Amino acid sequence: FFQKTLNAVQSWFTLFGWSKGQNPISIPYSLRSDVCIVQLTVAQEKNFKRRVDKDKGFYEMLVHLNGQSIPGIAASQSLSTDPVERMFQLHWQHSELLSFLKSKGAYLPHIMPEFLLAPEDYELWSEVNTGLRRGSMRSSGKLSGRRIFVLESRMFETMSKRAWTDVLLQMYKVFVLPRVSSRMVPDPSSLESLQNMPGIKSEPLCSNVYSRYERTILIWLNKNYEKNRKIVWKDSERGGIPPMRWIVNFDQDLLDGLVLAAQMAGYCPYLIPTHFVKMYTNPRTHEQFLHNALILVKALHTISMDLDIKV
């Protein structure tokens, strides 16, 4: 489950996290390395490579998603050539990053700044804070009074991967999800066929699972599915018009692909006769679920949305 989550996060930020097209990332390696090689595709031109400073790249992404930089941290800061000073600078930047995200509503109490360091910097941090390395011109300062737990290298890699994934997930939560506006979604009760269906409220305290923005998306899914199901599958070759359904989550209710197909059909109706009419509207076997998933992926490719989905 965690690996699937990491892959999804990686794909989304690769495709949509940057202001100038795609920028492939690898969690945690390209986010924490000093210099990484990335490959960008611009329009129809051939691929080209450029070297990107790690902090410049990551903080450029943050500015793009948030609209403003972290106070005191420039998008193109240079790092010290002294290893220990460089480690302290990175630790401070990561600490400021976590504080900034928390001030925006992110939930990251389990992430320490040192978990975001590269392995060699974490080793330096461990040596300095356990007294194994002396002679540094600086001390950890903020770390006084906090008990130090040193992770062995294999455990650190696991923790670092989890920490960076959680940071990106929380960035999505506080910078991207709030762009969802309830004004864009008409009241589902306006559809006569939905009047007898239990409603989904978008008020902040109505759920301890989904945010109001996610519930707004659920309302949108319900509206479009009910509006389009009789249009998309009126000439269904495999099962007829699917029954009415109440969409209350983003996993089980989307599993058969019909809800997602109904959303796409609302914006790309030309996909109905070429793709969606061939879907099973009451799938029961693994093969039928896979069949529907493959049709969805082909439909995405048709409209040039290559999300690197594995089915």
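Residues numbered from 1 in each chain as written. Predicted model: local features only at pLDDT ≥ 70, side-chain atom pairs only at ≥ 80, totals over all residues. Heavy atoms only, no water.

If you look the protein up in an unreviewed UniProt entry, it shows as CFA47 protein from Calcarius ornatus.

Helix and strand counts for the protein stand at ten helices and two strands. In the protein, the order of α-helices and β-strands from amino to carboxyl end is α-α-β-β-α-α-α-α-α-α-α-α. Expressed as a percentage of the 311 residues in the protein, the buried residues total 40%. For the protein, long-range pairs separated by at least 24 residues make up 59% of all intrachain contacts whose partners lie at least 6 apart in sequence. Put simply, the protein shows about 17900 Å² of open surface, and 55% of that area lies on carbon and sulfur atoms. (Helix = DSSP H or I, 4+ residues; strand = E, 2+ residues; numbered from the N terminus. Buried < 20%, exposed > 50% of the residue type's maximum accessible area, 1.4 Å probe, protein only. Contact = heavy atoms within 4.5 Å. Areas by Shrake-Rupley, 256 points an atom, 1.4 Å probe, with all protein chains shown as cover.)

Now for unusual backbone geometry. The omega torsion across Ile27 and Pro28 is 0°, close enough to zero to call that bond cis. Secondary-structure assignment places Pro28 in the loop between α1 (2–16) and α2 (29–32). Positive phi values are uncommon outside glycine, yet Ser304 reaches one of about 65°. You can see Ser304 is positioned in the segment after α10 (286–302).

On to helix α5 (residues 119–129). All of the buried residues in α5 are Asp121, Tyr122, Leu124, Trp125, Ser126, Val128 and Asn129. Buried positions along α5 lie against α4 (83–103) and α6 (153–176). Positioned one or two residues after α5, Gly131 has a phi angle of 85°, which is positive.

For the rest of this paragraph, the subject is the packing of aromatic side chains. Under the criterion given, the structure shown has ten aromatic pairs. For the pair Phe58 and Trp164, a centre-to-centre distance of 5.3 Å together with 75° between the ring planes defines the contact as edge-to-face. In this pair, Phe58 is assigned in helix α3 (residues 54–66) and Trp164 in helix α6, connecting sequence segments 106 residues apart. The residues Phe58 and Trp164 share a single accessibility class, namely buried. For the pair Trp220 and Tyr267, a centre-to-centre distance of 6.5 Å together with 40° between the ring planes defines the contact as tilted. (Phe/Tyr/Trp six-rings, centres within 6.5 Å; stacked < 30°, edge-to-face > 60°.)

Of all hydrophobic cores here, the largest spans 31 residues; its most connected members are Phe58, Leu97, Leu168, Met171 and Phe175. Those elements that place two or more of their residues in this core are α1, α3, α4 and α6. When residues of this core are assigned to their parent elements, the largest contribution, eight residues, is made by α6. With residues up to four places along the chain from it excluded, the contact list for Leu97 reads Phe58, Tyr59, Leu62, Ile70, Leu116 and Val167. Formed by 23 residues, the second largest nonpolar core is a distinct cluster that contains Leu221, Tyr225, Leu258 and Met264. (Core = buried A, V, L, I, M, F, W, Y, C linked by side-chain atoms within 4.5 Å.)

This part is about the pattern of salt bridges. For the structure shown, the criterion picks out five salt bridges. We note a salt bridge from Arg229 to Glu226, for which the minimum N-O separation is 2.9 Å. Of this pair, Arg229 and Glu226 are both found in helix α7 (residues 212–232), three residues apart, which corresponds to roughly one turn of the helix. Close ionic contact of Asp256 with Arg245 constitutes a salt bridge, the shortest N to O distance being 2.7 Å. Residue Asp256 is found in the loop between α7 and α8 (258–267), and its partner Arg245 is found in the loop between α7 and α8; the two are separated by eleven residues along the sequence. The exposure classification of Asp256 matches that of Arg245, with both residues buried. (Salt bridge = Lys/Arg side-chain N within 4 Å of Asp/Glu carboxyl O.)

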